[in-house]
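# Analysis of the macromolecular model
Each chain is listed here by its residues.
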Amino acid sequence: MLTRSEEDHLKAVHALLQDGASAFTKDIAERLGTKASSVTVMLKKLTDKGLLKHEPYYGVKLTGKGQTAALRLVRKHRLWETFLVERLGFGWDEVHEVAEQLEHVSSDKLTDSLDEYLGHPRFDPHGDPIPDRNGKVQSRNIKPLAGCLVGERVRIAAVKDPSDPLLQLLDEKGIGIGMVFEVHARQAFDGSLELRRKQGPPSTLSALVAAQLLVEPARP
């Protein structure tokens, strides 16, 4: 059984390796808010346990065993976030820290029961895919909203970096996962986008916010 700190480091490596990025000691330390020297010690422990491997010039990578362990943590975290929002009425900006604590409950029976109780959700409240019990993750054709062309109809699929201030801003603008918009205009000066729905007022988003929203083609 892994300690909470070991699990946190594994999940940090997994997160950093998404989208083809690398996981170096300094990157992991920044993500966890800890000292690089402490991360170095922990990475050696995880390597000795067969969960990580070092690759010259590329930092650390997850072994097959490490990938399985990391995906179990991700699965639990996202299921708990879904439970907190859908069943307990938490806001999507209130669940991350609570789920960070709950993800360390080690019972697979509890995780599977939670998944069944929620109806086997495929995505969490932020649009992130929830791995199934075998670690499989559903793939999607998504891209940043900032890269869309004027005239495209898109569905908000996920928030790339769901920080609390960003989620609160989206709430203020009435923008959430699953909403369909047409990119009506792009300002040449700052790259801000004007989005329009079939009903309701238009929304204007800065290029910075648009870069954090991931979208997929809207169904006809």
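Everything numeric here is computed off the predicted structure, so don't read it as measured data. (Residues numbered from 1 in each chain as written. Predicted model: local features only at pLDDT ≥ 70, side-chain atom pairs only at ≥ 80, totals over all residues. Heavy atoms only, no water.)

## Things to note about the side chain of Arg 75
Here is the rule: Starting at the N terminus, helices and strands are each numbered in turn, a helix being any DSSP run of H or I of at least four residues and a strand any DSSP run of E of at least two. Throughout, a contact is declared for two residues whenever any of their heavy atoms are within 4.5 Å.
Looking at the secondary structure, you find Arg 75 in helix H4 (residues 64-86). Aside from chain neighbours lying at most four places away, what touches Arg 75 is Thr 111, Asp 112, Asp 115, Ile 130, Pro 131, Asp 132 and Arg 133.

## Side note on the nonpolar core
In summary, soluble globular proteins display a tendency toward joint burial of nonpolar side chains. Just so we agree on the cut-off: The criterion is simple. A nonpolar core is a set of buried Ala, Val, Leu, Ile, Met, Phe, Trp, Tyr and Cys residues joined through side-chain atoms within 4.5 Å. The rule is simple: take the accessible area with a 1.4 Å probe, protein chains only, and divide by the maximum for that residue type; under 20% is buried, over 50% is exposed, in between is partly exposed.
Counting 19 residues, the largest nonpolar core has Leu 145, Val 159, Leu 170, Leu 195, Leu 205 and Leu 213 as the members making the most contacts within it. Every element with two or more residues in this core is listed here: strand E4 (153-159), helix H7 (164-173), strand E5 (180-186), strand E6 (193-196), helix H8 (207-212) and strand E8 (213-217). The residues touching Leu 195, leaving out its near neighbours within four places in the chain, are Leu 145, Phe 181, Glu 182, Val 183, Pro 202, Ser 203 and Leu 205.

## Things to note about the layout of surface pockets
This is how the line gets drawn: Lining residues are defined by having an atom within 4 Å of a point belonging to a cavity or pocket. Those points lie on a 1 Å grid over the protein atoms alone, cavities being sets where a 1.4 Å probe fits but cannot get out and pockets being open sets with protein on both sides within 12 Å along at least five of seven lines. Grid points are joined across faces, edges and corners, and a volume is the space filled by probe spheres set on the points. Polar here means any residue outside two lists: the nonpolar Ala, Val, Leu, Ile, Met, Phe, Trp, Tyr, Cys and Pro, and the charged Asp, Glu, Lys and Arg; Gly therefore counts as polar. Each domain's limits were defined by an automated method or a database of domain assignments.
Empty space within the largest pocket amounts to approximately 1400 Å³. Along the walls of the largest pocket sit 41 residues, with Ala 15, Arg 31, Arg 78, Asp 128 and Lys 160 positioned nearest its centre. Where the lining of the largest pocket is concerned, the elements lending two or more residues are helix H1 (4-16), helix H2 (25-32), H4, helix H5 (96-102) and E4. At 6 residues, H1 tops the list of elements feeding residues into the lining of the largest pocket. Of the residues that constitute the lining of the largest pocket, the class distribution is 17 nonpolar, 8 polar and 16 charged. Each of domain 1 (4-62) and domain 2 (143-217) accounts for three or more of the residues forming the lining of the largest pocket.

## Some points on the environment of Leu 2
With respect to the secondary-structure elements, Leu 2 resides in the segment before H1. On the basis of relative accessible area, Leu 2 is assigned to the partly exposed category, the value being 23%. When the C-alpha atoms of Leu 2 and Ala 207 are compared, they prove to be 41 Å apart, with 205 residues separating the residues in sequence.

## Concerning the pairing of E8
Looking down a regular strand, the side chains alternate between one sheet face and the other. The condition that has to hold: Paired strands, in this sense, are two strands between which DSSP finds at least two bridges.
Burial of E8 is extensive: 4 of the 5 residues sit out of reach of the surface. Of the strand pairs in this sheet, strand E3 (residues 143-144) and E8 are connected by 2 bridges, and their pairing is antiparallel. When the bridges of E8 are listed, Pro 144 appears paired with Leu 214. Here E4 pairs with E8 via 5 bridges, running antiparallel. When the bridges of E8 are listed, Val 154 appears paired with Pro 217.

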